[in-house]
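# Residue-level structure breakdown
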Amino acid sequence: MARGGRGRLLGLALGLLLALVLAPPALRAKPTVRKERVVRPDSELGERPPEDNQSFQYDHEAFLGKEDSKTFDQLTSEESKERLGKIVDRIDSDGDGFVTTEELKTWIKRVQKRYIYDNVAKVWKDYDRDKDDKISWEEYKQATYGYYLGNPTEFQDTSDHHTFKKMLPRDERRFKAADLDGDQTATREEFTAFLHPEEFEHMKEIVVLETLEDIDKNGDGFVDQDEYIADMFSHEESGPEPDWVLSEREQFNEFRDLNKDGKLDKDEIRHWILPQDYDHAQAEARHLVYESDKNKDEKLTKEEILDNWNMFVGSQATNYGEDLTKNHDEL
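Residues numbered from 1 in each chain as written. Predicted model: local features only at pLDDT ≥ 70, side-chain atom pairs only at ≥ 80, totals over all residues. Heavy atoms only, no water.

### Some points on the packing of helix 8 (residues 204-215) against helix 11 (residues 266-273)
- At a minimum axis separation of 10 Å, helix 8 and helix 11 run at an interaxial angle of 105°. As summarised for this structure, helix 8 and helix 11 are arranged roughly perpendicular, according to the angle between their axes. Judged by residue contacts, Lys204, Glu205, Val207, Val208, Leu209, Thr211, Leu212 and Ile215 of helix 8 engage Lys266, Ile269, Arg270, Trp272 and Ile273 from helix 11. (Axes fitted to C-alpha atoms, helices over the stretch in contact; angles between N-to-C directions. Helix = DSSP H or I, 4+ residues; strand = E, 2+ residues; numbered from the N terminus. Parallel < 35°, antiparallel > 145°, perpendicular 65-115°, else oblique. Contact = heavy atoms within 4.5 Å.)

### Focus on the side chain of arginine 170
- Tracing the backbone shows arginine 170 in helix 6 (residues 159-178).
- What arginine 170 contacts, discounting residues up to four positions off in sequence, is Glu210, Glu213 and Asp214.

### With respect to the packing of aromatic side chains
- Under the definition given, this model contains 14 aromatic pairs.
- Geometrically, the ring pair formed by tyrosine 228 and phenylalanine 252 is tilted, given 5.2 Å between the ring centres and 55° between the ring planes. Linking tyrosine 228 in helix 9 (residues 225-230) with phenylalanine 252 in helix 10 (residues 243-256), this pair joins segments that are 24 residues apart in sequence. Side by side, tyrosine 228 and phenylalanine 252 carry an identical accessibility label, which is buried. (Phe/Tyr/Trp six-rings, centres within 6.5 Å; stacked < 30°, edge-to-face > 60°. Buried < 20%, exposed > 50% of the residue type's maximum accessible area, 1.4 Å probe, protein only.)

### Comments concerning the side chain of threonine 185
- As for its placement among the helices and strands, threonine 185 is situated in strand 3 (residues 185-186).
- Residue threonine 185 is classed as buried on the basis of its relative accessible area of 15%.
- Among all residues touching threonine 185, those that are not within four sequence positions of it are Lys134, Ile135, Ser136, Phe175, Asp179 and Glu190.

### Concerning the UniProt feature "domain: EF-hand" (unreviewed entry) in the chain
- In this numbering, the UniProt entry assigns the feature "domain: EF-hand" (unreviewed entry) to residues 79-114, 115-150, 166-201 and 203-238.
- Measuring from the first to the last C-alpha atom of residues 79-114 gives 24 Å, for a span that is 75% helix and 6% strand. (UniProt positions renumbered as here; feature names shortened; annotations may be inferred.)

### Considering the pattern of salt bridges
- Across all of its chains, the model carries 18 salt bridges by this definition.
- Taking the shortest distance from any N to any O, the salt bridge between aspartate 226 and arginine 249 comes out at 3.3 Å. Of this pair, aspartate 226 sits in helix 9 while arginine 249 sits in helix 10, placing them 23 residues apart in sequence.
- According to the relative accessible area criterion, aspartate 226 is exposed, its value standing at 51%.
- The exposure class assigned to arginine 249 is buried, which follows from its relative accessible area of 17%.
- One salt bridge connects lysine 294 with aspartate 307, and the closest N-O pair in it is separated by 3.1 Å. Here lysine 294 is found in the loop between helix 12 (280-292) and strand 6 (300-301), whereas its partner aspartate 307 is found in helix 13 (residues 302-307), with 13 residues between them in sequence. (Salt bridge = Lys/Arg side-chain N within 4 Å of Asp/Glu carboxyl O.)

### A few points about the environment of tyrosine 58
- Within the secondary structure, tyrosine 58 sits in helix 2 (residues 57-64).
- With 253 residues separating them along the chain, tyrosine 58 and methionine 311 place their C-alpha atoms 9.4 Å apart.

Written as structure tokens, this is what we have:
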């Protein structure tokens, strides 16, 4: 398994559980699953791979939103530049003809926030079965695990059975943490916290706990170096480890294992996956300005952005054809 791209915000994640494929289509809701973990420090923004279109994927997702970053594949370079120009006009909030790092940061934060709430809106009807604009734990449980609960014999002695048996109580624990008033029913805001716990302060202990449970294969309550590496790399062939794996081992020893006892406890895991001194949007905004600022005045003109259009939108982008016809007051 190859190394993932540059660090990114925790988000919804890596795919449906295999057992869900076996369920009837109406019951194939998505349980919570493991998150991408590492949010890398600002310094890594300068350690980029050779700048081809593939290496811009992270920039596209940050600038446009993860879901929206897919449709510019259908656009010509001229169409991409035209739409990017309209986006630049919206980012330049004071209308002075320049895009500052602060304006870019604000834009990126709004794009990411919109993605989260759009994601919840897309799945809401799958869970709100009685259409009362709330989702109870029972509704979520039946939508996600109903087929498994109703047909347990089909899953006996399979890895699917083990997976569901593990995920059901884990989802219930997370649901209770998100349900601030304890009424076993989630409002839209509470359900957003349930699906995207990394975005809510009161859910961050759950994020840390789930990360620990995912990586701690020997069940000792800690993450040792081998478990840390195994979470991101599977050594399927004989031979030496790739250089980036050796670098990650050094990262573990020098920066992750703060008390130098050879393993990560919950506090160290929190420091690793939820660093307090790291602002993802600001780091990405600084990076985009640095890479596009030809005259080095620490701000961007529309011309400078369009000259470097491939970094902002490239051949991947978004449904901005529709977006740009709207005011998007919610942004």
